[in-house]
Amino acid sequence: METAPLKLLQPEPGDEGTQRCRLGPAALSFLGAPLGAPLRISLPGGSCLCTAWPRADLADGYLQVDLASRTAAVAVAALRGLTLSLGRLQLVPRCRLKKATVNVVLKSSALRKSMPRAVLQETIRDLLRNVYVSHHYVVTIAPNLETPVVHIEMLSVDPLTEEAGLITPQTSIKIKEVVTVERYRRLSEDTGKISVAGLDDVGRTLKEMIDLPFRFPKTFKKLGLSVPNGVLLIGPPGVGKTLMVKAVAKEVGAYLLCISGPALYGSRPGESEENLQRVFEKGREMSHEGPTILFIDEIDSLCPKRGRSNNAPEDRIVAQLLTLLDGVGSEGKMVLMAATNRPDALDPALRRPGRFDREVIIGTPTLMQRRSILQLLTFSMPISTDVDLIKLAEITTGYVGADLTALCREAAMQAMFHSSLDSTEMVINMASFQEAFKKIQPSSFRSVIGLKECKPVTWEQIGGLEDVKLKLKQVFRQARASTPAIIFLDEIDSILGSRSHHKTGYGVSERVLSVLLNELDGIGLKVTERRGNKLQLEGQCQELSDEERQLEFQETLNKDFMVVAATNRPDMLDDALLRPGRLDRVIYIPPPDLKGRLSILKICTEKIPLDSDVSLQDLAVLTDLFSGADIENLCKEAALLALQENGLEATTVKHEHFVKSLRTVKPSLSTKDLEFYEKFYNQELTS
């Protein structure tokens, strides 16, 4: 027998809080439900328990339910106008519960403090008497009842069964926690898990700092360990600091009170300090109910270094925050967390022990972490089979999580644009990502002073020097196998100099040299502050595949970048700079020989209209000691002479123009210079 669907209506005013479900006679007959029998109704997001009652007008096709006992994910507002099939209603057997453990949700913290535990226990027993519940159900108390209780959460029931559990006067009820409705709503408003990739080590570190003191406070006290009051997250913008805090708070079940530093500023004097005090007071109230995290984002904008002129308001805020940090005691369960991308701008007093004494550095994602982030971002995207996430991870050096998110979004936009033009099914392929790379640059490279964009130069554009090319190819191939970052210091002698040439004083160049030597000594090992302190060795990677193990060792053991320098005054460099482990590979680039000069002449005259009488071989013989720049200058000068003779009209360049140019264009090198360079190079080889 087929039954018509039931349209869900608002419950009758008198049924609120009674757990009644009113049905027409046809539906009651179909279910075989006697008066007051328990029913379980499947709803979007969960289910509810109610008792069967007839409608006053005996009309079929309608359903009125009091949702007093339901799962927490059922949203009452989302059920308006819903139509349910009769198959979603199930007649369930009943059983009497022996025990029940509950959490109680009150209207305010003031009631929580003023209400004695014995009075609250008796109130809960009265509110739950003759109510059908189930494991993890929430009983909502009708607002018309004069009681401070808003919700009662069923943590466990005995016996644990799929039947409808009836709470009787003989049921033993244990109250585990008493919280306010604000905390309960904040913890239950977002039931979905926050997905974070590439931050496993950081997440584990934060959970240890937060969760262990909350769970084992007596053990910490017995061992004489101090509970961490403050944790400072340091990392570049977009790296995932705020997201990490939200994910950890969700996982440990802590109440997260998140504020932004600039949002605390007020217009009148003293208002900022008052706002800060109110935030801490609210955090303390919540900490008495359970684990609480007070998170201050962009703390550097709130608490800059003190002592500057015209900085009195900021100095007062820093002083107020220091006082509040010192007042955070161990009576509650509150941990302070802050995030900044400018740790040096913070007042030093904030970073001493007892305040923000734990610092967690979240650096730019490594190769393996970028791959994990890309896997998460592309999980639900229609990715083509030609998309290689490992290759994408390798070429996205310097990209943080926000950059990778923007990259994937732009690739999807590119795929959407091309699919609408071709009228084909949208698939994101490697070409879409390549187009996205043209528009999405790593945020760490934006507006950075000191970066120089170089015009690409191929090996074919460099004439001669075949031995030098081979050596350079080996050097850059080694750099390419590492994280692809190369620091090029041109005219390094003008930057550093030698300490032996400056007998007196300790000038700027000596200080710069000292810094560079220290930095060069640190190149070669991955620092633990990257994104946690995990350093996998071969014995710890047996569960990984060969490809994953190779990638892990590539980013763990290879050098992160390579330093290349150039100079024409090697005698001015400090000896410590040229020892093994620093600038330990010396490559001498001599002037081009006859074959090299001929090759350079061919390259420089490739776009110049030469007359038939021009002999590049003869010119190569005449340009002894000419460098590549000298030969290029010679070709330009010959072309200008040809234009001057013909009234700046297009013509050919003759051999005589080159001969005339040789009278004015002289080689920049001399035999003495070559002897000096060769002597220095030979000394470096033998030393």
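The structure we're discussing is the one just above.
Residues numbered from 1 in each chain as written. Predicted model: local features only at pLDDT ≥ 70, side-chain atom pairs only at ≥ 80, totals over all residues. Heavy atoms only, no water.

Caption draft 1: Layout of the packing of helix α5 (residues 200-215) against helix α7 (residues 241-252). Two numbers describe how α5 lies on α7: the axes approach to 10 Å, and their chain directions differ by 50 degrees. Relative to α7, the element α5 lies oblique. Crossing handedness for the pair α5 and α7: right-handed. Side by side, α5 and α7 meet where Val202, Gly203, Leu206, Lys207, Ile210 and Asp211 of the first sit next to Met244, Val248, Glu251 and Val252 of the second. (Axes fitted to C-alpha atoms, helices over the stretch in contact; angles between N-to-C directions. Helix = DSSP H or I, 4+ residues; strand = E, 2+ residues; numbered from the N terminus. Parallel < 35°, antiparallel > 145°, perpendicular 65-115°, else oblique. Left-handed = near helix turned anticlockwise from the far one by under 90°. Contact = heavy atoms within 4.5 Å.)

Caption draft 2: Geometry of the pattern of salt bridges. Tallied over the full model, the rule gives 15 salt bridges. For arginine 20, the salt bridge goes to aspartate 15, with nearest N and O atoms at 3.7 Å. The closest approach of N and O atoms between aspartate 300 and arginine 342, which form a salt bridge, is 3.3 Å. Within this pair, whereas aspartate 300 is found in helix α9 (residues 299-302), its partner arginine 342 is found in the loop between β19 (334-340) and β20 (358-361), the two being separated by 42 residues in sequence. Connected through shared salt-bridge partners, Glu12, Asp15, Arg20 and Arg22 make up one network. (Salt bridge = Lys/Arg side-chain N within 4 Å of Asp/Glu carboxyl O.)

Caption draft 3: Spatial organisation of the sheet that holds strand β14 (residues 164-166). Sheet architecture is open: 3 strands sit in the order β9-β14-β11, paired in mixed fashion. If you trace the sheet from one side to the other, it starts and ends with β9 (94-96) and β11 (132-133), each paired once. Judged from the 2 bridges that link them, β11 and β14 form a sheet pairing that is antiparallel. Bridged to valine 133 within β14 is glycine 165. (Pairing = 2+ DSSP bridges.)

Caption draft 4: Spotlight on the sheet that holds strand β17 (residues 255-260). Spatial ordering of the open sheet is given by β17-β18-β19-β16-β20, a layout of 5 strands whose pairing is parallel. Strands with a single pairing partner mark the edges of an open sheet, and in this sheet they are β17 and β20. Taking each pair of neighbouring strands and ignoring which way they run, the sheet shows an average axis angle of 20 degrees. Bridge count for strand β16 (residues 230-234) against β20 is 4 bridges, and the pairing is parallel. Considered in β20, the bridge of leucine 233 is made with valine 360.

Caption draft 5: Spotlight on the pairing of strand β4 (residues 46-54). Pairing analysis gives 4 bridges linking strand β2 (residues 20-23) to β4, with the strands arranged parallel. Of the residues in β4, the one forming a bridge with arginine 22 is tryptophan 53. Pairing between strand β3 (residues 38-43) and β4: 6 bridges, direction antiparallel. The residue bridging leucine 39 from the neighbouring strand is cysteine 50, located in β4. Where β3 hands over to β4, the hairpin turn is made up of 2 residues, of which glycine 45 adopts a positive phi near 95 degrees.

Caption draft 6: Quick look at the side chain of arginine 22. The topology assignment puts arginine 22 in strand β2. Among the polar contacts made by the side chain of arginine 22, one reaches the side chain of aspartate 15 at a distance of 2.5 Å. A distance of 2.8 Å separates a polar atom in the side chain of arginine 22 from the backbone oxygen of proline 54. Every residue in contact with arginine 22, bar those within four places of it in the chain, is listed here: Glu12, Asp15, Trp53, Pro54, Arg55, Tyr62, Leu63 and Gln64. (Polar contact = N/O pair within 3.5 Å; in protein donor to acceptor, adjacent residues only side chain to side chain.)

Caption draft 7: Highlighting the environment of serine 69. Along the chain, serine 69 turns up in strand β6 (residues 69-71). Leave out the neighbours within four places in its chain, and serine 69 touches Gln19, Cys48, Leu49, Tyr132, Val133, Tyr137, Val138 and Val139. Within the structure, serine 69 has its side chain in polar contact with the backbone oxygen of tyrosine 132 (distance 2.9 Å).

Caption draft 8: Examining the environment of alanine 411 more closely. Counting through the fold element by element, alanine 411 comes out in helix α13 (residues 401-422). With relative accessibility at 0%, the residue alanine 411 sits in the buried group. Linking alanine 411 and isoleucine 440, residues 29 residues apart in sequence, is a C-alpha distance of 9.8 Å. For alanine 411, the residues in contact, after removing those within four places along its chain, are Ile428, Ser432, Phe433 and Ala436. (Buried < 20%, exposed > 50% of the residue type's maximum accessible area, 1.4 Å probe, protein only.)

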